[in-house]
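# Coordinate inspection notes
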Amino acid sequence: MLEVHDLHVRYGEIAATNGISLNVSNGEIVAVTGANGAGKSSTLNAVAGIVLPTSGSIRFDGQEMTARPSHECIRRGIVQVPEGRKIFGTLTVLENLQLGAYRLSSFQIDSAGIDEVLEQFPILADRLHEPASCLSGGQAQMLALARGLMAQPKLLLLDEPTLGLSPIAADDVFDLIRGLREIGLTILIVEQNVHQTLALADRAYVIEGGCVVLEGDACDVAGASGLTSAYLGMADQSERIWPSGRSSPEEQEIIKTRTAENRDIFQNGNRR
Amino acid sequence: MAIERELFAKMVDFVQNCIDGIMIGAAYGLLAIGFTIIFGVMRRLNLSFGPSIMLGAFFGTWAFLTLNAAPWMVLAITIAGTVITGIYVERLCFWAIRRDATIASMVSSFAIWMQLDEVAILMLPGRTYPFPEMFVSGGLNFGPFFVRAEHLVTLLVTILMVVGIRLLLYRTTFGLALRAVSESSDAAKYMGINPSRITFLAFILVSLIGGVAGYLLLATDQQVTPYFGLWVTFKGLIAMMLGGMGSIPGAIIGGLVLGIIETQTQWYLGNAFKDMSAYVVLFLALVLRPGGLLGQGIAERQDLAFRRV
C-alpha cells in the first residue's frame, strides 16, 4: 500500500532522515520507534506531504506521491493525526470534526458522517458545541483521532498519539487504535511508548540517526526489547539490559549479533 | 422656557451628530473589517489596503470622467479595480514572501503603497477629481432629525455586508477554513487546507469589502484625491485598533465609535480637531485598554485555547 524508498529529509543544514525505506501493506499496523530526533516524525510528515523530501520516493497504492502537497495526500487517503494533536482550540468540537472532512468532495456540514464517527467517540458527542480548548488532554487526543477518521482515511498516520497523556488516557488511546485495527484500517504509528506499541503492531521499524536500524515482525522486535533500548540512548549498557534470566542464551547470542550488525550499519550511516 | 428650548436644541444637535457619526462610522467599520481579516489570517498588516481602494476608486473616476460611466458602472469598476490591485499586492507582498517573514511583508506592502500612489497620479494627475454621486440623493426627516440618503445607503449596505460576512465565516466551508488558518496555518495543513489559497481568497474578500466601503465614502463626499489611500489606512487602522485587532464585531464597534467621536468633535471644536480627536482617542484606548474594546477578551480566550491544546 505504502512504499517509502531511500527517503531523505533535510531542514536546512540538518539531515532529519538519511535514506529511510519502509513498507506498509493493506490492513497492517506498522510501528516506527526510536529516540527523540531520530527522524520518525519527519518520515511521517514527508509521507503526509507536510514537508518536502530532498530525495527518495514515496508510492501509495501504486501511485507516485513524492513531494505531493498535503491536500492531495489527504484526497488520496493518507491522513495524519499530528504530534501535539493540533486541535483548533477556538473552534468548537463539531467544527474541528467538520474540518477533518474538509478535503472530501462531498463535504458539507454533514451530520451523517459525524454521527458515524461519534459512535466510536461517545465522549465527544456531549461536547460538540463547546470550544475544543475546554477538552482535557485525553479528550483532545480523542478529538484528533476522530477528526482524522472524518477524512475517511485509507492509511492513518499516528504521530505520538499518547504524548503527554496520563497512563489511563494512553490506555484508552491504545484501546481505540485496537478498535480501528478491527475495522481493517491500515495504520502507521510513531510512538515512544515502545512496549504498548509493539504489542499492538504487526511489524515495526526502529529508527536511529535518520536510518532504519532494525525492522521485522513486531513480536521479534519486542523480543529484542533490549535492542530497542540500545537505540534509545543506552547502548553502552547493553550487557546489563539483558539479565540472564530474561532471555535464553541462544536468544541473547542472536540479540548480541544483531546489535553488533545494526550498530555497524548505524555507524556507517553516521559516517555518510 | 427659553432655556428649555436651548437645551432641547443642544440635545437635537448631539443626537443628530450621533446619527451622522453612526452612518459614517459604518463605512469605517467595513474598512476595519478589511484590515482585521487579513491580520487575523496572516498575523501581518497589509499597509497597501487603503491605497488599493484608492486606486480602484481612481479607475472608477477615470471611467466616469472619460467614458461618462453611470453610477452603478463606477461602483462595479471601483470594486473590480480594488480586487485586481488587492490580488497584485497579495502576490507581490504576501504570497511571494515566507509566512514567518512578517516585517518583510509589511515593509514591502508599504513600498507598494508608493507605487500605487504613483500609478494613480499618472492616471489622473490633478489634485482633486469629482466622484459621481450615488443613485440616490436627498434625505429623510425623522422628527427634528435629518438623515442623508447616501448615509442611509451606507448603513444599510454595511449591515447587509456584516450579515453576509458573518454567514460566510460561520456557515460555509471557506469560512471554516479561514478561521482554521487564522488560528494556525500549520495545523490547517494537516486538514488538507492550502493556507496560500485561503489567504488569496481572503484578499479577494477584503478587497471586495474595501471596494464597496471606498465607493460608499467617496460617493457621499463626491470627490477623490490621491490622499484617499492614506486617509482610508488611518481610519481603518484606528477603527480596528479601537475595536481590537482580529475581532469583526470589534471592527464595527471601533468604526462606529470613531465616527461618532469625529462628528461630535467636528461640531463642537471645529473641522481642524476632527482628525486629531481620532488620534487622541486611539492613544487613550491603547493606554487604557491595549487590546481594544473587544480585542482583550479575544486575546485572552485565544491564549487560553493555545495553552490548553
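This text goes with the structure placed above it.
What counts and what doesn't
- Residues numbered from 1 in each chain as written.
- Chains lettered and ligands numbered in written order.
- Predicted model: local features only at pLDDT ≥ 70, side-chain atom pairs only at ≥ 80, totals over all residues.
- Heavy atoms only, no water.
- Helix = DSSP H or I, 4+ residues; strand = E, 2+ residues; numbered from the N terminus.
- Buried < 20%, exposed > 50% of the residue type's maximum accessible area, 1.4 Å probe, protein only.
- 1 Å grid on protein atoms, 1.4 Å probe; cavity = no way out; pocket = protein on both sides within 12 Å on 5 of 7 lines; lining within 4 Å.
- Points joined across faces, edges and corners; volume = space filled by probe spheres on them.
- Nonpolar A, V, L, I, M, F, W, Y, C, P; charged D, E, K, R; others polar.
- Pairing = 2+ DSSP bridges.
- Contact = heavy atoms within 4.5 Å.
- Axes fitted to C-alpha atoms, helices over the stretch in contact; angles between N-to-C directions.
- Parallel < 35°, antiparallel > 145°, perpendicular 65-115°, else oblique.
- Left-handed = near helix turned anticlockwise from the far one by under 90°.
- Phe/Tyr/Trp six-rings, centres within 6.5 Å; stacked < 30°, edge-to-face > 60°.
- Lys NZ or Arg CZ within 6 Å of the ring centre and 35° of its normal.
- Patch = residues over 30% accessible without salt bridge, like charges linked within 9 Å, V, L, I, M, F, W, Y side chains within 5 Å.
- Areas by Shrake-Rupley, 256 points an atom, 1.4 Å probe, with all protein chains shown as cover.
- Salt bridge = Lys/Arg side-chain N within 4 Å of Asp/Glu carboxyl O.

## Some details on the side chain of asparagine 96 of chain A
- Position of asparagine 96 of chain A among the secondary structure elements: in helix α3 (residues 93–100).
- Under the relative-accessibility criterion, asparagine 96 of chain A is labelled buried at 0%.

## Digging into the layout of surface pockets
All names here are of chain B.
- In this structure, the second largest pocket spans a volume of roughly 830 Å³.
- For the second largest pocket, the lining is made up of 33 residues, of which Tyr28, Asp221, Trp231, Lys235 and Lys274 are closest to its centre.
- Looking at the lining of the second largest pocket, the elements that each hand over two or more residues are α1 (2–42), α8 (195–221), β4 (223–224), α9 (228–243), α10 (248–269) and α11 (274–288).
- Looking at which element gives the most residues to the lining of the second largest pocket, the answer is α9, with six residues.
- Looking at the lining of the second largest pocket residue by residue, the classes come out as 15 nonpolar, 10 polar and eight charged.

## Let's talk about the sheet that holds strand β2 (residues 14–24) of chain A
Residues and elements named next belong to chain A.
- Judged by pairing direction, the sheet is antiparallel, and its four strands sit side by side in the order β2-β1-β4-β5 without closing on themselves. The sheet is open, and its two edges are formed by β2 and β5 (63–64), each paired on a single side.
- Sheet analysis places strand β1 (residues 2–11) next to β2, joined by eight bridges and oriented antiparallel. Among the inter-strand pairings, histidine 8 is bridged to a residue of β2, identified as asparagine 18.
- Contacts between helix α1 (residues 40–47) and the sheet are confined to β1, β2 and β4 (55–60), with β1 contributing the most and set at about 115° to the helix.

## Considering the pairing of strand β3 (residues 145–148) of chain B
All names here are of chain B.
- The alternating pattern of β3 places Phe145 and Val147 on a buried face and Phe146 and Arg148 on a face that is not buried.
- Sheet topology places strand β2 (residues 139–142) next to β3; four bridges connect them, and they run antiparallel. Bridge pairing links phenylalanine 142 to phenylalanine 145 in β3.
- Taking the residues between adjacent antiparallel strands as the criterion, β2 and β3 are bridged by two residues, where glycine 143 takes a positive phi near 60°.

## Side note on the packing of helix α2 (residues 49–67) of chain B against helix α4 (residues 102–123) of chain B
Residues and elements named next belong to chain B.
- Axis separation between α2 and α4 bottoms out at 9 Å; the angle between their running directions is 15°. As summarised for this structure, α2 and α4 are arranged roughly parallel, according to the angle between their axes. Regarding α2 and α4, the two cross each other, and that crossing is left-handed. Listed contacts from α4 to Pro51, Ser52, Met54, Leu55, Phe58, Phe59 and Trp62 of α2 are Trp113, Leu116, Asp117, Val119, Ala120 and Met123.
- Classifying every residue of the contact of α2 with α4 by side-chain character gives 11 nonpolar, one polar and one charged.

## Observations regarding the packing of aromatic side chains
Residues and elements named next belong to chain B.
- As enumerated under the stated definition, the model contains seven aromatic pairs over all chains in all.
- Each ring, one from tyrosine 28 and one from tryptophan 231, has its centre 5.8 Å from the other, and the planes form 65°; the classification is edge-to-face. Placement of the pair is tyrosine 28 in helix α1 and tryptophan 231 in helix α9, with a sequence separation of 203 residues.
- Between phenylalanine 228 and tryptophan 231, the ring centres sit 5.8 Å apart and the planes meet at 20°, which makes this aromatic pair stacked. Here phenylalanine 228 and its partner tryptophan 231 are both found in helix α9, three residues apart, which amounts to about one turn of the helix.
- Phenylalanine 228 sits in the buried class, given a relative accessible area of 7%.
- When the ring centre of tyrosine 170 is taken as reference, the NZ or CZ atom of arginine 166 above it lies at 4.3 Å.

## Considering a nonpolar patch on the surface
All names here are of chain B.
- Where nonpolar side chains cluster on the molecular surface, the patch consists of Phe14, Trp267, Tyr268, Leu269, Phe273, Met276, Val280, Phe283, Leu284, Val287 and Leu288 and spans about 1,200 Å² of accessible area.
- Counting residues per element, the nonpolar patch draws most heavily on α11, at six residues.
- The residue phenylalanine 14 is located in helix α1 in this model.

## A short note on the packing of α9 of chain B against α11 of chain B
All names here are of chain B.
- As a packed pair, α9 and α11 sit with axes 10 Å apart at the nearest point and diverge in direction by 30°. Considering their axes alone, α9 and α11 lie roughly parallel with respect to each other. As α9 packs across α11, the resulting crossing turns out to be left-handed. Residues Phe234, Lys235, Ile238, Met241 and Leu242 of α9 touch α11, and the partners they reach there are Asp275, Ala278, Tyr279, Val281, Leu282, Ala285 and Leu286.
- Its residues assigned to classes, the contact of α9 with α11 shows 10 nonpolar, no polar and two charged.

## Things to note about empty space enclosed by the protein
- A full pass over the atoms with the stated rule returns two cavities of 30 Å³ or more.
- Of the voids in this model, the largest cavity is the one considered here, and its volume is about 60 Å³.
- Looking at the lining of the largest cavity, the elements with two or more residues in it are β6 (78–81) and α6 (137–150) of chain A.
- Split by residue class, the lining of the largest cavity holds eight nonpolar, three polar and one charged.
- Of the volumes computed, that of the second largest cavity is approximately 30 Å³.
- Lining the second largest cavity, in full, are Ala48, Ile50, Ser70, Ile74, Ile78, Val79 and Gln80 of chain A together with Lys189 and Tyr190 of chain B.
- Looking at the lining of the second largest cavity, the elements with two or more residues in it are α2 (70–76) and β6 of chain A together with α7 (185–190) of chain B.
- Of all the elements, β6 of chain A adds the most residues to the lining of the second largest cavity, at three residues.

## So, the sheet that holds β6 of chain A
Residue and element names in this part refer to chain A.
- Read across the sheet, six strands follow the order β6-β7-β8-β3-β9-β10 without closing on themselves; strand pairing throughout is mixed. Each having just a single partner strand, β6 and β10 (211–217) make up the two edges of the open sheet. The sheet shows a mean angle of 15° between the axes of neighbouring strands, taken without regard to direction.
- Sheet analysis places strand β9 (residues 203–208) next to β10, joined by six bridges and oriented antiparallel. Each residue of the ladder has a partner; that of alanine 204, found in β10, is glycine 216.
- Here α6 sits on the sheet in contact with β6 and β7 (155–159), set at roughly 170° to β6.

Take it as geometry only, folks, not as evidence of what the structure does.
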